[in-house]
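# Structural features, examined
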Amino acid sequence: MRAGTSVDRAGPGWVRSWCVALLLAILVTVPGLTRAQGALDLRDADLRSFVEIVSEATNRNFVIDPGVRGTVTVLAPENVTPAALYEIFLNVLEVNRLTIVKGVDADRIVPLTTARELSPGVAGSGVYETRVIRVNHIPVSEVVDVVRPLLPSEAVISTVPDARLIILSDRAGNHRRIQALISELDQPRSEPIEMIRLRNADAREVLQVIQSMGIVPDGASVSVDARSNALLVLGPQSLREQVRVLAGRLDAQRNSQQSRVVQVNYAQAASLADVVLRSFQGDGSGGQIRIVPEPGTNSLLISAPADRMHEIVAMVQHLDRRPTQVLVEAVIFEMSVDGFADLSVQFGAILNDAIVGGVQFALEGRPSLTSLVSTVLNGDAPNPGNGGVIGGRAGDSRTGIAGLLTAIAETRSTRLLSTPSILTLNGQEAEIVVAQNVPFVTGQFTQVGQGAVQEPFQTIERQDVGLTLNVTPQINADGTVRLVIKQEVSNLTNATSSAGGEITAKRALSTTVLVRDGNVIMLGGLLENGFGSNAQRVPGVSKLPIVGGLFRGKSGSKNQRVLLVMLRPRIVSSDREATRLTRELAREAQRASLAIQPEDSTRFPQTPLGALPFDGADLNQPFDETFIDKAARSKNYPPLPSRLKFNGKY
């Protein structure tokens with residue numbers, strides 16, 4: 001009995017010893033399986049035999065699928081613990097496209113392709129049964145599409161869409177797995193409800209069209225709010241977009257016309273109407289759109305389809321923007337100097353009231369000796385011309401000798417400085433003219449007819465002689481200004497042509513430039529330097545020393561001219577900037593007028609104030625306030641313009 005008791009107590013130990021012995025026998029007898037000193041050396045071993053080794057080492061139970069086949073090679077030179085051996089075992093299964101589905105008492109080793117059909121094992125998981133699963137929130141068809149790939153081939157699934165039910169026949173383990181998955185999917189959706197308002201169509205009629213097309217999926221809905229004539233859409237984003245587009249097309253009034261009056265603030269109504277109409281040519285709706293400009297109120301009368309009216313009004317408002325202005329400041333400087341000098345000696349002998357010999361020169365601006373002698377003999381006072389003159393005559397009234405020595409040096413200079421400024425709208429031509437309107441004879445008629453004398457007449461044409469500046473600015477997006485410039489400076493030369501009429505001098509330029517806002521550009525810089533001379537002499541004797549100068553006459557002229565034109569454009573984009581520039585120019589004009597104001601000697605008569613009366617501080621005062629004498633208002637003089645009054649206040 002004692003020995004038997006010992007044997008009974010040692011029973012479990014004996015079993016373990018027997019298992020170890022069996023494992024060693026397997027390692028020895030199975031080809032490719034060896035284990036030396038705790039190391040693992042498996043070479044082309046059978047996969048099922050390796051499962052047995054792992055089961056024995058880890059005390060785990062495995063159920064092997066019939067499809068599990070193959071060999072394995074595992075090399076582990078160091079000691080392998082049971083936990084490490086199980087990790088190696090999982091890697092071997094992954095390499096062979098196998099996996100473990102855990103159970104209660106045993107784990108299942110199956111191919112990866114069939115693992116998705118199995119559920120983790122619990123008590124009674126292998127019992128085949130049929131269950132009914134209710135779906136509350138999402139469409140039944142969507143649930144079936146997700147669940148069907150996860151079921152084994154022997155499982156049977158069917159649906160009752162109207163009752164929102166799913167009937168599933170499968171093992172109990174899969175039932176629990178599938179039902180847990182459906183519970184995760186069957187959640188209330190947080191999709192918003194979109195309201196689509198209709199302006200022209202009836203929402204109930206549009207709903208009938210949508211329902212007849214069958215575009216509303218399960219779980220979504222489209223209803224009508226009759227009070228606001230709107231559609232209420234509950235469903236995915238794709239459904240809402242589809243209903244929105246369809247409702248918009250059904251709600252459009254293709255044949256309805258609307259009329260509207262649009263007030264134009266800055267642009268010209270006539271030109272704006274032409275631009276807008278041309279933009280709709282070719283799109284098929286040009287014939288339905290009519291835009292009539294009304295010049296009196298600068299308005300547009302628009303008649304167009306209702307679906308195009310908003311687009312037309314938006315286009316008009318975009319084009320009707322306040323235009324930017326450009327202030328063009330110019331400096332035109334011209335100075336000319338003309339010099340003239342001459343020196344000549346004239347003499348002659350008079351015999352019997354006639355000159356019989358001598359020296360005479362005809363120079364510019366000088367009379368000849370013959371004309372002077374004739375004037376003296378006739379008893380008249382001679383005019384030898386400007387400059388220094390020494391003359392004399394010796395003899396009686398019929399014979400004698402006369403001589404004349406003349407010399408002159410003349411310099412004439414002119415200086416012109418103009419600083420015109422002109423303000424114009426962007427893209428609009430502007431011109432400033434500071435000139436004299438001079439008449440020029442262009443033709444005359446003095447013919448005497450047969451039998452009667454016709455009245456003679458002349459044709460005259462008036463032309464501006466002075467300063468002319470013509471500018472057309474165009475503001476670019478980068479802050480530069482494109483200027484089309486035509487500039488002319490002309491003046492009278494106080495000289496006449498051989499055909500008659502006074503000669504004018506003219507300097508003009510015409511160009512197109514690009515200059516940045518506020519920068520200065522020079523358009524014309526002209527420097528002229530000319531000279532000339534006129535020498536007359538008596539051949540031979542004029543080269544004699546000392547006395548040769550009596551037989552020579554000479555005149556010389558020299559002229560220089562400088563013309564400089566500079567321009568500076570300044571963009572004026574607001575009322576505040578325009579006011580600032582106006583005050584600045586007013587102050588500069590007042591300083592310039594004070595500089596040329598003649599000094600008052602305080603003696604009678606007093607010099608009246610001739611300066612500009614505005615200093616730029618307040619330009620919104622009545623214009624007659626600063627230059628009409630206050631004493632004149634209080635006397636019984638002829639009526640003068642009164643100050644402007646607004647509601648009895650100045």
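Residues numbered from 1 in each chain as written. Predicted model: local features only at pLDDT ≥ 70, side-chain atom pairs only at ≥ 80, totals over all residues. Heavy atoms only, no water.

Going by an unreviewed UniProt entry, the protein carries the name General secretion pathway protein D and comes from Mameliella alba. A UniProt comment under Sequence similarities (unreviewed entry) is attached to the protein, and it reads "Belongs to the bacterial secretin family. GSP D subfamily." Under Subcellular location (unreviewed entry), UniProt gives the following word-for-word description of the protein: "Cell outer membrane". (UniProt positions renumbered as here; feature names shortened; annotations may be inferred.)

## Brief notes about the layout of surface pockets
Its volume calculated, the largest pocket comes out at about 590 Å³. Surrounding the largest pocket, 24 residues form its lining, Ser336, Thr414, Asn491, Leu492 and Thr493 being those nearest its centre. Those elements giving two or more residues to the lining of the largest pocket turn out to be strand 16 (325–351), strand 19 (400–418), strand 22 (457–475), strand 23 (480–496) and strand 24 (502–516). When residues in the lining of the largest pocket are grouped by element, the largest group, seven residues, is from strand 23. The residue makeup of the lining of the largest pocket, split by class, is nine nonpolar, nine polar and six charged. (1 Å grid on protein atoms, 1.4 Å probe; cavity = no way out; pocket = protein on both sides within 12 Å on 5 of 7 lines; lining within 4 Å. Points joined across faces, edges and corners; volume = space filled by probe spheres on them. Helix = DSSP H or I, 4+ residues; strand = E, 2+ residues; numbered from the N terminus. Nonpolar A, V, L, I, M, F, W, Y, C, P; charged D, E, K, R; others polar.)

## Quick notes on the side chain of aspartate 225
Summarising the element assignment, aspartate 225 is placed in strand 11 (residues 221–225). Taking the relative accessible area as the measure of exposure, aspartate 225 reaches 17% and is therefore buried. Those residues in contact with aspartate 225, other than ones at most four positions away along the chain, are Met195, Ala230 and Leu232. (Buried < 20%, exposed > 50% of the residue type's maximum accessible area, 1.4 Å probe, protein only. Contact = heavy atoms within 4.5 Å.)

## A short note on the packing of helix 3 (residues 47–58) against helix 4 (residues 82–95)
At a minimum axis distance of 9 Å, the contact between helix 3 and helix 4 shows a crossing angle of 150°. The orientation of helix 3 with respect to helix 4, classified from their angle, is roughly antiparallel. For the pair helix 3 and helix 4, the crossing hand works out as left-handed. Where helix 3 abuts helix 4, its residues Leu47, Phe50, Val51, Ile53, Val54, Ala57 and Thr58 lie against Pro82, Leu85, Tyr86, Ile88, Phe89 and Val92. Here the residues of the contact of helix 3 with helix 4 are counted per class, giving 12 nonpolar, one polar and no charged. (Axes fitted to C-alpha atoms, helices over the stretch in contact; angles between N-to-C directions. Parallel < 35°, antiparallel > 145°, perpendicular 65-115°, else oblique. Left-handed = near helix turned anticlockwise from the far one by under 90°.)

## Looking at the pairing of strand 11
As judged from the five bridges shared by strand 11 and strand 12 (residues 230–234), these two strands associate in the antiparallel manner. The residue of strand 12 that forms the bridge with valine 224 is leucine 231. Connecting the antiparallel pair strand 11 and strand 12 is a turn made up of four residues, with asparagine 229 showing a positive phi of about 50°. (Pairing = 2+ DSSP bridges.)

## Brief notes about the confidence of the model for the protein
A residue-level look at the protein finds 73% of positions with pLDDT of 70 or above and a mean pLDDT of 75. Looking across the protein, the model is least confident in helix 1 (residues 2–9), with a mean pLDDT of 32, and most confident in strand 14 (residues 290–294), with 91. In the model, residues 1–37 has pLDDT below 50 throughout and makes 25 contacts with residues more than four positions away in sequence or in other chains. (pLDDT = per-residue confidence, 0-100.)

## What about unusual backbone geometry?
The phi angle of most residues is negative, glycine excepted, and most peptide bonds adopt the trans form. Even without being a glycine, arginine 164 presents a positive backbone phi close to 60°. Locating arginine 164 in the fold gives a position in the loop between strand 8 (156–160) and strand 9 (165–171). Its identity as a non-glycine residue notwithstanding, asparagine 229 has a phi of 50°, on the positive side. For asparagine 229, the position within the fold is in the loop between strand 11 and strand 12.

## A word on the sheet that holds strand 12
Overall, antiparallel pairing links the three strands, which are arranged 10-12-11 in an open sheet. The strands lining the two open edges of the sheet, one partner per strand, are strand 10 (193–197) and strand 11. The average undirected angle you get between the axes of adjacent strands in this sheet is 25°.

## Side note on helix 8 (residues 203–213)
All buried positions along helix 8 are accounted for by Ala203, Val206, Leu207 and Ile210. One face of helix 8 carries all of its buried residues, which in axial projection span an arc of 105°. Away from the buried face of helix 8 by more than 90 degrees, exposed residues Arg204, Glu205, Gln208 and Ser212 are located. Buried residues along helix 8 sit in contact with strand 11, strand 12 and helix 9 (237–251). Immediately downstream of helix 8, the backbone of glycine 214 shows phi near 65°, a positive value. (Arc of directions from axis to C-beta.)

## Section: a nonpolar patch on the surface
Together, Val541, Leu544, Ile546, Val547 and Leu550 line one region of the surface with nonpolar side chains, adding up to about 450 Å² of accessible area. Along the chain, leucine 550 falls in the loop between strand 25 (521–537) and strand 26 (552–572). (Patch = residues over 30% accessible without salt bridge, like charges linked within 9 Å, V, L, I, M, F, W, Y side chains within 5 Å. Areas by Shrake-Rupley, 256 points an atom, 1.4 Å probe, with all protein chains shown as cover. Salt bridge = Lys/Arg side-chain N within 4 Å of Asp/Glu carboxyl O.)

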